[in-house]
Amino acid sequence: MPFARITIVRETLADDPSGKKAAVSSKVAAAIAEVAGLPEREVSIVFDEVDARNWYLGSTDVEALRFRS
């Protein structure tokens, strides 16, 4: 049984967490199922949400980078 863990900045999903997770998991499950030759129902997907202030690119957190943009 394939397992995919998706780590994402929480604020990316803020306006529709359930809908966006459903859309992403549907596409990821379909891709894995197609390549592995398995039904999608056998693909497990877990989302780990991280606050933007706790996700860094180099020495700067994503929250600060977004504020600068």
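To be clear, the structure that these remarks concern was listed above.
Here is a short report on the structure shown in this document. Since we're looking at a predicted model, the values are computed, not measured.

Definitions and cut-offs
- Residues numbered from 1 in each chain as written.
- Predicted model: local features only at pLDDT ≥ 70, side-chain atom pairs only at ≥ 80, totals over all residues.
- Heavy atoms only, no water.
- Salt bridge = Lys/Arg side-chain N within 4 Å of Asp/Glu carboxyl O.
- Helix = DSSP H or I, 4+ residues; strand = E, 2+ residues; numbered from the N terminus.
- Buried < 20%, exposed > 50% of the residue type's maximum accessible area, 1.4 Å probe, protein only.
- Contact = heavy atoms within 4.5 Å.
- Pairing = 2+ DSSP bridges.
- Right-handed = clockwise from strand over helix to strand, strands pointing away.
- Expected span 1.5 Å × (residues − 1).
- Arc of directions from axis to C-beta.

### Considerations on the pattern of salt bridges
Okay, so step 1: What the rule picks out here adds up to six salt bridges.
Okay, so step 2: Taking the shortest distance from any N to any O, the salt bridge between Asp51 and Arg10 comes out at 2.7 Å. Here Asp51 is found in the loop between β2 (44-50) and β3 (56-57), whereas its partner Arg10 is found in the loop between β1 (3-9) and α1 (17-36), with 41 residues between them in sequence.
Okay, so step 3: For Asp51, a relative accessible area of 17% puts it in the buried group.
Okay, so step 4: For Lys20, the salt bridge is made with Asp15, and the minimal N-O distance between the two is 2.7 Å.
Okay, so step 5: Members of the salt-bridge network, linked through shared partners, are Arg10, Lys21, Glu49, Asp51 and Arg53.

### Notes on the environment of Phe3
Okay, so step 1: When you line up the elements, Phe3 lands in strand β1.
Okay, so step 2: Residues Phe3 and Ile32, spaced 29 residues apart in sequence, show a C-alpha to C-alpha distance of 9.3 Å.
Okay, so step 3: Each residue touching Phe3, except ones within four places of it in the same chain, is listed here: Ser44 and Val46.

### As for the side chain of Thr60
Okay, so step 1: Residue placement: Thr60 occurs in strand β4 (residues 60-61).
Okay, so step 2: For Thr60, the contacting residues outside a window of four places in its chain are Trp55, Leu65 and Arg68.

### Quick notes on the pairing of β1
Okay, so step 1: Of the pairings in the sheet, the one linking β1 to β2 comprises seven bridges and is parallel in character. Residue pairing for β2: Arg5 is matched across the bridge by Val46.
Okay, so step 2: The handedness of the β1 to β2 crossover, carried by α1, is right-handed.

### With respect to α1
Okay, so step 1: Over its 20 residues, α1 extends 28 Å from the first C-alpha to the last, a length consistent with the 28 Å expected when each residue adds 1.5 Å.
Okay, so step 2: Of the positions making up α1, those classed as buried are Ser25, Ala29 and Ala33. Down the axis, α1 shows its buried residues gathered within 60° of arc, on one side only. For α1, the exposed residues lying more than 90 degrees away from the buried face are Lys27, Glu34 and Val35.
Okay, so step 3: Those residues of α1 hidden inside the fold are in contact with β2.
Okay, so step 4: Gly37 lies just past α1 and shows a positive phi near 70°.

Geometric descriptors of this kind do not, in isolation, establish any biological role.
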